[in-house]
Amino acid sequence: MGWLKAIIQRKILVGLLVTFIFMIGSYAVLNLDRELLPTINMNGAIVEVTAGDMPASEVENSITTSLETQIQGIDGVESTYSTTSVGQSTIQIMFEGSDGDDIYSEIDSIAHTSAAENNDIQDVFAFRMSTDQDYEFYMDISGDDLSEISAFATEVLKPRIESLREVNDVALDGLYEQELVIEFNREDVNEQGIEINQVINMINETNDESVLGELENDDDSPTLRWDTQLASVEEVENLQIPSQNGYVALGEIAEVSIQPSQNTAYVWKDGTKDFIFAQIGRVSDVTQIEMASAVRSEIEDIHQEGLVEGFEVNELVAQADYVESSLDGVTQNIIIGGILALAVLLVFLRNIRATLIIGLTIPTSILLTFTAMWLIDYSFNILTLIALGLGIGMMVDASIVILESIYRKKEQGFEKLEAVMEGIKEVATAVIASMLTTIVVFLPIGLLGGDVGQFMIILSLVVAITLISSVVVSFTLIPTLAERFLKIKETHKNKEDGVIIRNYGNFVAKIVKRKRNSLAVITIFILIFVGSLFLVTRVPMSIMPDMLDRYAELIIDVEPGLSEEEQDELAQEIHESLSTIQDVESNYVMEYGGMYFVMVNMTKDEEITRQQDEVNGEIFSTLRNLSDSHPINNVQDAMSGVGGVQPVQINLNGEEFDQLIADLR
């Protein structure tokens with residue numbers, strides 16, 4: 001153990017290293033990102049296409065089928081699943097293998113190429129299935145006058161929030177918008193010999209906006225509409241249109257007016273669309289907590305300036321709160337664990353110096369762990385915090401075992417250096433073996449494949465880093481300090497074992513000396529092990545733990561092809577069902593092409609009358625009961641992912657849809 005002796009003899013070097021760990025560890029703690037979930041790209045992607053008011057059958061024939069066929073031809077695409085509704089198509093793609101980035105790049109290219117070639121496609125959006133979110137802070141602006149709150153959202157809230165250094169983007173849904181409506185007079189158009197397409201081209205050249213048109217007294221003709229940025233109606237009326245008789249003003253052959261556009265936002269608050277939904281995303285170099293603090297401060301300033309009158313600005317949810325709560329929990333565990341470890345050590349060794357040595361090794365090990373996390377670009381998130389909670393519980397084990405062994409050797413009369421050398425030599429193998437066996441237990445979990453494996457490798461690696469850090473500190477800092485700093489009183493040397501040790505020794509001796517007693521103990525443990533196996537099925541299983549406090553996120557899969565009225569009706573039914581549940585405060589429903597994303601806020605603080613698990617259970621039960629009379633296929637927890645609530649899914653493939661329905665029934 002020459003290396004150990006060399007470490008002990010270089011106390012200044014060890015001291016400098018500990019100082020460096022404190023410095024770099026403190027820097028790492030301040031710079032580690034704080035987020036709810038780590039950024040993990042999964043083996044899948046989603047393509048969403050919008051096509052105005054096109055019927056679902058036409059969307060399927062002209063957009064979905066062609067796009068899905070092209071995507072299926074990409075090497076590495078395992079399967080596709082498409083949902084088509086009025087003016088919308090959603091395609092879910094699953095990858096095979098590990099080259100998901102290249103596959104996604106091809107999918108994104110095909111999607112945008114199709115949009116450029118197909119004039120029916122208004123917009124296309126492709127994104128990778130990932131835990132990363134564009135928006136992490138949600139608000140709503142509610143009031144009786146939608147035009148007033150829209151003006152506040154666009155002229156005050158959005159520019160003020162986006163001006164913050166911590167904020168990257170603010171998205172607003174449900175705004176009150178106006179559009180220009182041009183209704184042509186058939187007789188005047190025919191008299192001037194003007195073609196509607198000719199007018200469309202003139203307006204396109206002037207405003208570069210998409211347009212439609214409608215002839216008066218002709219039900220079969222479309223209405224000419226476009227979202228305009230022109231300064232006034234007069235500018236449009238004065239547009240000069242070439243005709244057989246020269247140029248004529250547009251206002252002479254058509255009626256031009258501004259009308260409120262239909263609210264096409266698929267977001268409902270408590271069953272109504274009369275509100276504005278605001279989503280706020282952060283820049284990459286700040287934490288969720290920093291962004292939430294900056295946004296709240298700015299909202300407070302807006303209130304104090306008297307800009308919020310006659311309506312309300314409500315904070316829906318900020319993921320930073322759950323991150324901060326988890327960090328506080330881990331910090332509390334570290335403090336409590338450290339205090340308990342020091343108290344136990346003080347009680348059993350009754351040595352202040354030994355207690356202080358352990359008290360120094362705990363923060364050193366923790367900061368060394370944070371340094372390693374910072375170097376491998378990990379963040380504080382729900383997975384790393386769980387791993388830290390597991391690792392910190394075992395962190396002090398190695399330090400206490402080594403220090404106690406050195407302490408006993410000094411009690412036995414060994415000299416300072418000899419006591420350290422002999423004490424460590426006696427337990428070194430056991431300490432290292434204990435660390436390795438724990439790491440080996442987590443190794444299979446970390447080697448799981450697929451999307452789940454990406455989560456588990458983070459958990460396993462942080463636990464391993466925590467244990468390795470504690471062992472490294474135990475074999476370096478503790479012997480260096482114990483060699484001179486750890487002292488025992490003369491009265492403690494060669495003292496007899498205490499009452500607890502003697503009684504335990506007698507108990508073990510009785511078991512070992514008689515085979516009957518040994519077999520009885522072995523039998524008891526076998527029965528306990530076998531009995532515990534029957535309890536495995538009673539333990540709830542999910543990919544992710546419930547990390548949201550008095551808040552729930554759900555995904556509702558609905559039948560494809562719902563009209564806008566049916567979507568609105570379903571959102572109303574969801575609200576009415578949720579409003580009957582005790583402790584449910586408010587709900588938000590967002591439609592995403594064949595899927596409803598539901599956010600549920602529950603009562604907090606002194607208004608709480610039921611536990612969250614009980615409320616969650618009733619939420620799922622109530623919404624599933626709606627499937628008997630409404631177009632709902634499945635209800636699941638958004639955090640648990642597919643399989644978290646519905647572990648079995650059956651897909652039927654065939655040429656005849658009616659036959660598939662008959663087989664399913």
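Cut-offs used in this document
- Residues numbered from 1 in each chain as written.
- Predicted model: local features only at pLDDT ≥ 70, side-chain atom pairs only at ≥ 80, totals over all residues.
- Heavy atoms only, no water.
- Helix = DSSP H or I, 4+ residues; strand = E, 2+ residues; numbered from the N terminus.
- Buried < 20%, exposed > 50% of the residue type's maximum accessible area, 1.4 Å probe, protein only.
- Contact = heavy atoms within 4.5 Å.
- Areas by Shrake-Rupley, 256 points an atom, 1.4 Å probe, with all protein chains shown as cover.
- Pairing = 2+ DSSP bridges.
- Axes fitted to C-alpha atoms, helices over the stretch in contact; angles between N-to-C directions.
- Phe/Tyr/Trp six-rings, centres within 6.5 Å; stacked < 30°, edge-to-face > 60°.
- Lys NZ or Arg CZ within 6 Å of the ring centre and 35° of its normal.
- Salt bridge = Lys/Arg side-chain N within 4 Å of Asp/Glu carboxyl O.
- Core = buried A, V, L, I, M, F, W, Y, C linked by side-chain atoms within 4.5 Å.
- Expected span 1.5 Å × (residues − 1).
- Patch = residues over 30% accessible without salt bridge, like charges linked within 9 Å, V, L, I, M, F, W, Y side chains within 5 Å.
- pLDDT = per-residue confidence, 0-100.
- Parallel < 35°, antiparallel > 145°, perpendicular 65-115°, else oblique.
- Left-handed = near helix turned anticlockwise from the far one by under 90°.

(A) Layout of the overall build of the chain. For the chain, the count of helices and strands is 20 helices and 19 strands. Within the chain, the fraction of its 665 residues that count as buried is 44%. Summarising the internal contacts of the chain: among those between residues at least 6 apart in sequence, 75% fall at separations of at least 24. Accessible surface computed for the chain: about 35,700 Å², of which carbon and sulfur atoms make up 53%.

(B) A look at the sheet that holds strand E17 (residues 584–591). Strand order in the open sheet formed by five strands is E13-E17-E18-E16-E19, with antiparallel pairing between adjacent strands. The sheet terminates laterally at strand E13 (267–269) and strand E19 (632–637), the two strands that pair on one side only. The mean angle between the axes of side-by-side strands here comes to 20°, regardless of whether they run parallel or antiparallel. As paired elements, E17 and strand E18 (residues 595–602) share seven bridges and run antiparallel to each other.

(C) Broad picture of the packing of aromatic side chains. Following the criterion strictly, the structure yields eight aromatic pairs and no others. The interplanar angle of 50° and the centroid separation of 4.9 Å between the aromatic rings of Phe152 and Phe311 together place this pair among those described as tilted. Taken together, the positions of Phe152 in helix H5 (residues 146–162) and Phe311 in strand E15 (residues 311–318) put the pair 159 residues apart, joining distant regions of the chain. What makes Phe152 buried here is its relative accessible area of 6%. You can call Phe311 buried: its relative accessible area is 10%. Taken together, the aromatic side chains of Tyr138, Phe275, Phe277 and Tyr588 make up a single cluster linked through ring pairs. Cation over ring: Arg353 sits above Phe485, and NZ or CZ is 4.9 Å from the ring centre.

(D) Focus on the pairing of strand E16 (residues 551–558). With seven of eight residues buried, E16 is to be regarded as a mostly interior element. In the sheet, E16 pairs with E18 via seven bridges, with the strands oriented antiparallel. Within E18, the residue paired with Asp557 across the bridge is Met595. The sheet contact formed by E16 and E19 spans five bridges and is antiparallel. For Ile555, the partnering residue across the bridge sits in E19 and is Gln636.

(E) Structural context of the pattern of salt bridges. Throughout the structure, instances matching the rule amount to 20 salt bridges. The partner of Lys158 in a salt bridge is Glu162, with the nearest N and O atoms 3.0 Å apart. With Lys158 and Glu162 both in helix H5 and four residues apart, this pair spans about one turn of that helix. Looking at Lys158, the relative accessible area reads 25%, which means it is partly exposed. For Glu162, a relative accessible area of 30% translates into the label partly exposed. Of the charged contacts, one joins Arg550 and Asp583 as a salt bridge, the two residues approaching to 3.0 Å between their closest N and O atoms. On the criterion of sequence distance, the pair formed by Arg550 in the loop between helix H17 (515–533) and E16 and Asp583 in the loop between helix H18 (564–579) and E17 is long-range, its members being 33 residues apart. Grouping residues by exposure puts Arg550 and Asp583 together as buried. A single network of salt bridges, built from pairs that share partners, joins Asp33, Glu35, Glu136 and Arg282.

(F) Spotlight on the sheet that holds E15. Pairing is antiparallel in the open sheet, where four strands are placed in the order E6-E14-E5-E15. Looking at which strands have only one partner, the edges of the open sheet turn out to be strand E6 (167–173) and E15. Between one strand and the next, the sheet's axes are offset by a mean angle of 20°, whatever the strand orientation. Pairing of E6 with strand E14 (residues 275–282) involves six bridges; the strand directions are antiparallel. Across the sheet, residue Val170 finds its bridge partner in E14, namely Ile280. Packing of helix H10 (residues 288–304) onto the sheet brings it into contact with strand E5 (137–143), E6, E14 and E15, and relative to E5 it is tilted by some 20°.

(G) Region of the structure containing the nonpolar core. With 106 residues, the main nonpolar core has Ile141 and Val295 as its most contacted residues. Looking at this core, the element that brings in the most residues is helix H13 (residues 382–411), giving 13 residues. Look past the residues within four positions of Ile141 in its chain and what remains in contact with it is Ile149, Phe152, Ala153, Leu157, Phe275, Ile276, Ala278, Phe311, Glu312 and Val313. Listed in part, the 24 residues of the second largest apolar core include Leu554, Ile556, Leu562 and Ile574.

(H) Structural view of helix H4 (residues 100–117). Look at H4: 26 Å from first C-alpha to last across 18 residues, which is about the 26 Å you get at 1.5 Å a residue. Residues of H4 that are buried in the fold lie against strand E1 (41–50), helix H3 (56–72), strand E2 (77–85), strand E3 (88–95) and strand E4 (123–130).

(I) Representation of the environment of Gly389. Structurally, Gly389 is set in helix H13. Residues Gly389 and Val330 lie 59 residues apart in sequence; the distance between their C-alpha atoms is 6.3 Å.

(J) Seen up close, a nonpolar patch on the surface. A cluster of nonpolar side chains, namely Leu519, Ile522, Ile526, Phe529, Val530, Leu533, Phe534 and Val536, defines an oily patch on the protein surface of about 800 Å² accessible area. Relative to the elements of secondary structure, Leu533 occurs in helix H17. On the basis of relative accessible area, Leu533 is assigned to the partly exposed category, the value being 47%.

(K) Representation of the environment of Val86 in the model. With respect to the helices and strands, the residue Val86 is situated in the loop between E2 and E3. Sequence separation between Val86 and Ser563 is 477 residues, and the spatial gap between their C-alpha atoms is 6.3 Å. Not counting the four nearest positions on each side in its chain, Val86 is found in contact with Gly52, Asp53, Met54 and Ala56.

(L) Structural detail: the confidence of the model for the chain. Averaged over every residue, the pLDDT of the chain is 81; the share at 70 or more is 86%. Ranking the helices and strands of the chain by mean pLDDT puts H10 first, with 93, and strand E8 (residues 214–215) last, with 47. Confidence over residues 219–228 falls short of pLDDT 50; this stretch has 41 contacts with residues more than four positions distant or in other chains. Under a pLDDT of 50 for its full length, residues 641–647 has, in the predicted model, 13 contacts with residues more than four places off or in other chains.

(M) Just the packing of helix H11 (residues 319–349) against helix H12 (residues 352–375), in detail. Running from amino to carboxyl end, H11 crosses H12 at an angle of 155°, the nearest separation of the two axes being 9 Å. When the axis of H11 is compared with that of H12, the two are roughly antiparallel. With respect to the hand of their crossing, H11 and H12 are arranged in right-handed fashion. Residues Ile334, Gly338, Leu342, Leu345, Leu346 and Leu349 of H11 form the contact with H12, whose own contacting residues are Ile352, Ala354, Thr355, Ile358, Gly359, Ile362 and Ile366.

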